[in-house]
Amino acid sequence: RCLSDWSSDVCSSDLENYNLHFSKDAKRLFLGLASIRPVKDTTLPDFEKAGVDVWNYKDDDLQPVQLKNLDKDLKKSYLAVLEINKNEIFQLGDEKFPEVQITEEGNGNVFYASSDFGKRIARQWQGFTLSDVYAIDASTGLKKIIIKDFKGSIYPSYTGKYLLLYNDKQKAYSVYNSESGQLYKVAADIKVPLCDEENDVPDDPNPYGIIKWVQDDKYVLVYDRYDVWKVDPNGKEKSAAISNGRKDKIEYRYINIDKDEKFIADKQLLYFLAFNEKNKMSGIAQWSFDWKGEMGYNKLTKNFYRGFEKAKNDSVLIYTKESFITSPNICSGQIKLFPNENIIPEGVKEIFFDSLIENQLSNLNPQQSQYLWGSAELFKWKAYTGKETEGILYKPENFDAKKKYPMIVYYYERNNNTLYNYQPPSPTPSRLNIPLFTSRGYVVFVPDIWYTTGHPGKSAYDYIVSGTRALIKQGFIDSTKIGLQGQSWGGYQTAYLITQTNLFAAAWAGAPVVNMFSAYGGIRWESGLNRQMQYEKSQSRIGATIWERPDLYIENSPLFHLQKVKTPLVIMSNDADGAVPWYQGIEFFTAMRRLNKPIWLLSYNGEAHNLVERRNRKDIQIREQQFFDWLLKGDKPPLW
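Residues numbered from 1 in each chain as written. Predicted model: local features only at pLDDT ≥ 70, side-chain atom pairs only at ≥ 80, totals over all residues. Heavy atoms only, no water.

Draft legend 1. Quick look at the overall build of the protein. If you tally the helices and strands in the protein, you get eleven helices and 36 strands. Over its C-alpha atoms the protein spans a radius of gyration of 28 Å, differing by no more than 12% from the 26 Å that the globule rule assigns to 640 residues. Reported as C-alpha extents along the three principal axes, the dimensions of the protein are approximately 85 × 80 × 45 Å. For the protein, the residues scored as buried account for 50% of the 640 residues in total. For the protein, the accessible area works out to roughly 31000 Å², and carbon and sulfur atoms hold 50% of it. For the protein, the centre of its 81 positive side-chain charges and the centre of its 80 negative side-chain charges are spaced 6 Å apart. (Helix = DSSP H or I, 4+ residues; strand = E, 2+ residues; numbered from the N terminus. Rg over C-alpha atoms; globule rule 2.2 N^0.38 Å. Buried < 20%, exposed > 50% of the residue type's maximum accessible area, 1.4 Å probe, protein only. Areas by Shrake-Rupley, 256 points an atom, 1.4 Å probe, with all protein chains shown as cover. Lys, Arg positive; Asp, Glu negative; His and termini not counted. Charge placed at Lys NZ, Arg CZ, Asp CG, Glu CD.)

This is how it looks when you write it as structure tokens:
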């Protein structure tokens, strides 16, 4: 009901649309407030009302976004707080400040919010908005500007005394001290990048981020590519790495085993997943603030770990462990830095474990032993760009290097870190079913691709074709029996590649973009967003508008080069695709048909970007197998 002591145009939102909650000390009640909406006009019957959507250039969002978010927006409310002892209520959030970050579980003196009000239209082509960041007095709701036109990420400390800010443009961290009101740099003494070292999209690289703040806001734990750094929020104490992964290219990432954890406690034992970037092996690491040395870890193994949980009153972990040839099984494990001692021996800096004390608790897929499967290994070569590159090579079981095998090349961007991931042979939404094809005698190659802004098509060519030819030189690939398969961004790359080379005997493109001009102005219907951002700042990597560099859009659009194609091709383009407009597949098919090229189009009715219904997944699996068996193994052509 409307609050009697609140303005007449605001009422409390329906309880089902906002989760009321108390602060930790129960002195504050947080609730949502929303404007009273106009009473529906019933004087005009619905059949007399025009059915029209008005697109206004001043709107924050395009109409498809507005319609997509309509139900959510009708239920939207903004954060308010009731000071129970004072019987006072005031609003913290509103349309300008839709999200407010509270601190100390609601007990904090300072909350934080950012506002992109008046700047939202630009996200149509930027993919982001600039924001003004504010500190909010939790007792009065008064807001104080910290920084204007900010692009980046903010991380409030647990108590709210500090706000850590990562500035994307400056590639640097700073801290706002709410007690002094000062904003100053921190972690500047860390000489390695704290943002994506491998960024290859035409936008500022993202930070690796943080783990959490330490108890009493003493430190904040910050990631670089490999290591974890202990950073003083006052900017006085020297930043210190608690791991030494960069030396051996081992990446450490925190395992959160307590979903209710608000901060890192002083004497807390921390668990990390250790991943070796060179050989893709993994292990579990430990560290504690009691110990001033580096992280200790068990021997890395040829497995992939995930799904960690911890016993409440013991140091036993439970998790799943898998590899390409072993499906995920549940294991329990325990590692101890010093099993027979309660203190850290003097002078110890680094510890390695011989093994993890581990018990396998399940055997979930024993029937796999009855089937041919395959193996996975790293393959390295020098791309046409001169870069030393790697990919994953999947070989059939009972592989014989003296034989010649058909091969399918499958790709997206970079997949090398999935070397030890298990891939079940179930019907897939769209990707290549790798164990199915290795069990049928195919070699499957998954190359990594590195991109140059403005030339995504050529980048795909430089890495995929160079990797394919490097494998042919190994002697066990039949160079006349090689296929391509890619979905979405991979589908685009398939479409581009067959305009540039006749190396491949068969190609399969799922949801490809073929015309970057028409795709540039298209809509991603699952979100309602316009696609301009994707070309200027994101995955499509053109880095310019169609008016600034039309030559790049022509260069990278397969549509303008289809006359060169000789490779038979199947397209999957579904009529309910919410990511890539369906008409891209139609443009592709009709152009190839006009040019009398071998082309087939599969359009699954009512289906999404990736197939959802199992019957359709089974169908495309069968058709894909038939298609490649025909052109790469000499089977009869399928009737369709």
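Draft legend 2. Expanded view of the side chain of Lys-280. Structurally, Lys-280 can be placed in the loop between strand S19 (269-276) and strand S20 (282-288). Owing to a relative accessible area of 1%, Lys-280 belongs among the buried residues under this scheme. Separated by 2.5 Å, the side chain of Lys-280 and the backbone oxygen of Glu-277 make a polar contact. Looking at Lys-280, its side chain comes within polar contact range of the side chain of Asn-416, at 2.8 Å. Every residue in contact with Lys-280, bar those within four places of it in the chain, is listed here: Phe-275, Leu-378, Glu-390, Asn-416, Asn-417, Leu-419 and Tyr-420. (Polar contact = N/O pair within 3.5 Å; in protein donor to acceptor, adjacent residues only side chain to side chain. Contact = heavy atoms within 4.5 Å.)

Draft legend 3. Here's a closer look at the nonpolar core. Residues Val-409, Ile-464, Leu-484 and Leu-569 are the most contacted members of the largest nonpolar core, which totals 53 residues. Ranked by the residues each element gives to this core, the list is headed by helix H5 (residues 456-472), at six residues. Once residues lying within four places of it in the same chain are set aside, the contact partners of Leu-569 are Thr-494, Ile-498, Ala-507, Trp-508, Ala-509, Phe-588, Met-592, Pro-598, Ile-599, Trp-600 and Phe-627. Listed in part, the 46 residues of the second largest apolar core include Val-214, Trp-373, Tyr-410 and Phe-437. (Core = buried A, V, L, I, M, F, W, Y, C linked by side-chain atoms within 4.5 Å.)

Draft legend 4. View of the environment of Ser-375. Within the element layout of this structure, Ser-375 appears in strand S27 (residues 375-382). Separated by 340 residues in sequence, Ser-375 and Ser-35 have C-alpha atoms that sit 61 Å apart. For Ser-375, the contacting residues outside a window of four places in its chain are Phe-324, Leu-393, Tyr-394 and Lys-395.

Draft legend 5. Structural context of the sheet that holds strand S17 (residues 240-241). An order of S14-S15-S16-S17 is seen for the four strands of this open sheet, with the pairing classed as antiparallel. The outermost strands of the open sheet, each flanked by one partner alone, are strand S14 (210-213) and S17. Taken together, the two bridges between strand S16 (residues 228-231) and S17 define a ladder with antiparallel strand orientation. Counted as the bridge partner of Lys-230 is Ala-240 from S17. (Pairing = 2+ DSSP bridges.)

Draft legend 6. Main features of H5. Here H5 spans 24 Å end to end across 17 residues, near enough to the 24 Å set by a 1.5 Å rise per residue. Most of H5 sits inside the fold, with 13 of its 17 residues counted as buried. (Expected span 1.5 Å × (residues − 1).)

Draft legend 7. Looking closely at the packing of H5 against helix H6 (residues 489-497). H6 packs onto H5 with a crossing angle of 80° between their chain directions and a minimal axis gap of 9 Å. Taken as axis vectors, H5 and H6 run roughly perpendicular relative to one another. Mapping the contact onto sequence places Pro-456, Gly-457, Lys-458, Ala-460, Tyr-461, Ile-464 and Val-465 in H5 and Trp-489, Tyr-492, Gln-493, Tyr-496 and Leu-497 in H6. Per-class residue counts for the contact of H5 with H6 are nine nonpolar, two polar and one charged. (Axes fitted to C-alpha atoms, helices over the stretch in contact; angles between N-to-C directions. Parallel < 35°, antiparallel > 145°, perpendicular 65-115°, else oblique. Nonpolar A, V, L, I, M, F, W, Y, C, P; charged D, E, K, R; others polar.)

Draft legend 8. Representation of the pattern of salt bridges in the model. Counted under the stated rule, the structure contains 37 salt bridges. A salt bridge links Lys-75 to Asp-71; its shortest N-O distance comes to 3.3 Å. Two residues, Asp-203 and Lys-151, come together in a salt bridge whose shortest N-O distance is 3.4 Å. A residue pair is termed long-range when its members are at least 10 positions apart, and Asp-203 in the loop between strand S13 (182-186) and S14 and Lys-151 in the loop between strand S9 (143-150) and strand S10 (152-156) qualify at 52 residues. If you follow the salt bridges from partner to partner, you end up with Glu-197, Glu-198, Asp-224, Arg-225, Arg-246 and Glu-277 in one network. (Salt bridge = Lys/Arg side-chain N within 4 Å of Asp/Glu carboxyl O.)

Draft legend 9. Up close: the confidence of the model for the protein. In the predicted model, the protein carries a mean pLDDT of 92, and 93% of its residues have values of at least 70. Note on residues 1-15: pLDDT under 50 across the span, and 30 contacts to partners over four residues away in sequence or across chains. Contacts from residues 338-354, a stretch scored under 50 in pLDDT, to residues over four places away or in other chains number 30 contacts. (pLDDT = per-residue confidence, 0-100.)

Draft legend 10. Molecular detail of the sheet that holds strand S8 (residues 131-137). Spatial strand order, S6-S7-S8-S9: four strands in an open sheet with antiparallel pairing. Both edges of this open sheet fall to strand S6 (100-101) and S9, since each of them pairs with a single strand only. Bridging between strand S7 (residues 110-115) and S8 involves six bridges; their strand directions are antiparallel. Along S8, the bridge assignment pairs Tyr-112 with Ala-135.

Draft legend 11. A look at the side chain of Ser-540. Of note, Ser-540 is situated in the loop between helix H8 (532-536) and helix H9 (550-556). Residues contacting Ser-540, with those up to four places away along its chain left out, are Pro-456, Trp-489, Gln-534 and Tyr-535.

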